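Analysis of the macromolecular model
Listed below, chain by chain, are the residues.
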Amino acid sequence: MKKPLHPATIAAHAAGALDPQSGGVVPALQPSTTFLRDENYALVRPDNIYSRDNSDNMRQAEAVIRALENAQDTLLFPSGMAAIAAVFRALPNRATAIVQSGIYWGTTAWVREFCARREITLIEVPAADLVMTCQTRPADLVLIETPSNPWLLTVDIAAVKAATQGVLLVDGTAATPILTRALDHGADIVMHSATKGINGHSDVLAGVLSTAAPDAGVWQAIKADRKMAGAILGPFEAWLLTRAMRTLPLRVERMSQNALALAQHLMAHDAVADAFYPGLPHHQGHDIALRQMQGGFGSLLSVLVKGGRDDALRVTGKLALFLRATSLGGVESLVEHRYTIEPHTGIPENLIRVSAGIEHIDDLIADWDQALA
Ligand SMILES: Cc1ncc(COP(=O)(O)O)c(C=O)c1O
């Protein structure tokens, strides 16, 4: 048996994607929507018919993620939400879904609306109660997000898997496949908003699902739905994604170092009331993170500044390097005042969500120090 390659090697080589036609060491971008048949009406390339079914560029990007996830099959979607929606659409009407509460608000909002429309019983449960609820309530699907956005709570994937008969879907966006391979911990399907760390350059919107059990009914349903309903990623986005993922392990390593150093610095700052980060020993779920994440704790953290809404907004307004914009996982550091986006969800008014980029840590800390001063 050949030794499996390390993620850094898989990523740098884009899982072996080359351009055999030109001899190029990077794959060509092929934008064609339709593909030729010969004079006998046989397809010139039997795997290429029409680009709503598939395309070389999408297959290349999927191969990289499949290898990084230790998965058997991987499907790209045009956004993270399209990937989540694809799993929920595979549920029968009147199914039961258990969903972690306090996760990315966009997911919660869509899932609520969809479940109501399809008469699906939706049970929303805080991270700490997931295992107990899964033990007592049979469910067709369980969705967890670890670490969660923006509370950074970690959930024990293996413990939830052991507690349910349902399909376990893990949103691992904040961890990326570099820090947590959710399938190895027992997830049936792992999902990422590839818009975030996987692409990492804030210039591609994409989502991805991977599984270790491609023959499972739910996966077959998802696959058929993508092909027929057409939630497909365009070849240029797939090509950009393949390009970006060559540096994914490097970016994640630097971002995780920066996020941890910033979290530790801010935690000790007089103007900060608390910091949420899986790498901080006092944080809920630090012990799970130590077991479940390897090589770092990710780029995302949240900070409670002392004071209220106006104080938090004043700090974000004074930051010069941290761009005031939503999203996370890009090479440039970002901040967001989540209360402005979701004032009705119980988010503290003084919470600032931070996505640490790959800049020099001294510059990032100096920026926060001047903003908090
Ligand atoms: C944890 C998480 N899941 C899913 C999504 C949705 O992904 P997208 O914006 O690519 O649709 C986001 C977006 O912020 C996210 O943070």
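Let me sum up the structure you'll find in this document. (Residues numbered from 1 in each chain as written. Predicted model: local features only at pLDDT ≥ 70, side-chain atom pairs only at ≥ 80, totals over all residues. Heavy atoms only, no water.)

**Side note on the sheet that holds strand β6 (residues 189-193)**
Pairing within the open sheet is mixed, and its seven strands lie in the order β1-β7-β6-β5-β4-β2-β3. The two strands at the open ends of the sheet, each matched to only one other strand, are β1 (73-77) and β3 (121-125). Strand-to-strand, the axes of this sheet are offset by a mean angle of 20°, without reference to chain direction. Lying on the sheet, helix α3 (residues 80-89) is in contact with β1, β2 (96-100), β4 (141-145), β5 (167-171), β6 and β7 (207-211); it crosses β7 at an angle near 45°. (Pairing = 2+ DSSP bridges. Helix = DSSP H or I, 4+ residues; strand = E, 2+ residues; numbered from the N terminus. Axes fitted to C-alpha atoms, helices over the stretch in contact; angles between N-to-C directions. Contact = heavy atoms within 4.5 Å.)

**Points about helix α2 (residues 56-69)**
With 14 residues, α2 ought to run about 20 Å at 1.5 Å a step, and its terminal C-alpha atoms sit 20 Å apart, in line with that. Counting buried positions along α2 gives 10 out of 14 residues, so the element sits mostly inside the fold. Among the residues of α2, those classed as buried are Asn 57, Met 58, Gln 60, Ala 61, Glu 62, Ala 63, Val 64, Ile 65, Leu 68 and Glu 69. (Expected span 1.5 Å × (residues − 1). Buried < 20%, exposed > 50% of the residue type's maximum accessible area, 1.4 Å probe, protein only.)

**Regarding the sheet that holds strand β9 (residues 300-305)**
Taken in spatial order, the five strands line up as β8-β9-β12-β11-β10 in an open sheet, and their pairing is mixed. What marks the edges here is a single partner per strand, and that holds for β8 (272-276) and β10 (323-324). As defined by bridge partners, β8 adjoins β9 across four bridges and the pair is classed as antiparallel. Counterpart to Ala 275 in the pairing with β9 is Val 303. Against the sheet, helix α10 (residues 248-267) makes contact with β8, β9 and β12 (351-355), and its axis sits at roughly 155° relative to β8, the strand it touches most.

**Observations concerning the pattern of salt bridges**
Oppositely charged side chains can pair when the atoms bearing their charge come close. Tallied over the entire structure, the rule returns 19 salt bridges. A salt bridge links Glu 124 to Arg 112, with the shortest nitrogen-to-oxygen separation between them at 2.8 Å. Residue Glu 124 is found in strand β3, and its partner Arg 112 is found in helix α4 (residues 105-117); the two are separated by 12 residues along the sequence. In this structure, Arg 181 engages Asp 184 in a salt bridge whose closest nitrogen and oxygen atoms are separated by 3.0 Å. (Salt bridge = Lys/Arg side-chain N within 4 Å of Asp/Glu carboxyl O.)

**A look at the packing of α2 against helix α9 (residues 235-245)**
Interhelical geometry of α2 versus α9 gives an angle of 35° and a closest axis separation of 8 Å. The handedness of the crossing between α2 and α9 comes out as left-handed. Note on element contacts: α9 touches α2 through Pro 235, Ala 238, Trp 239, Leu 241, Thr 242 and Met 245, opposite Asn 57, Met 58, Gln 60, Ala 61, Val 64 and Ile 65. (Left-handed = near helix turned anticlockwise from the far one by under 90°.)

**Digging into the state of the cysteines**
Per the counting criterion, the structure on display carries zero disulfides. No disulfide involves Cys 115; its sulfur sits 15 Å from the nearest other cysteine sulfur, which is in Cys 134. The buried category is assigned to Cys 134, whose relative accessible area is 4%. (Disulfide = S-S within 2.5 Å.)

**Re the site of the ligand**
Around the ligand sit 14 residues, and of these Gly 80, Met 81, Asp 171, Ser 193 and Thr 195 come closest. Between the ligand and Ser 193 there is a distance of 2.8 Å, counted from an oxygen atom to a side-chain nitrogen or oxygen. At 3.0 Å from an oxygen atom of the ligand is found a side-chain nitrogen or oxygen belonging to Lys 196. For the ligand, the protein covers 92% of the area, taking 390 Å² as the surface of the free molecule. Structurally, the ligand is housed in the second largest pocket. Contributing elements (two or more residues each) for the shell around the ligand: α3 and β6. A per-class count over the shell around the ligand returns five nonpolar, six polar and three charged. (Near = heavy atom within 4 Å. Polar contact = N/O pair within 3.5 Å; in protein donor to acceptor, adjacent residues only side chain to side chain. Areas by Shrake-Rupley, 256 points an atom, 1.4 Å probe, with all protein chains shown as cover. 1 Å grid on protein atoms, 1.4 Å probe; cavity = no way out; pocket = protein on both sides within 12 Å on 5 of 7 lines; lining within 4 Å. Sits in = over half its atoms within 2 Å of the grid points. Nonpolar A, V, L, I, M, F, W, Y, C, P; charged D, E, K, R; others polar.)

Keep in mind these values describe shape, not function.
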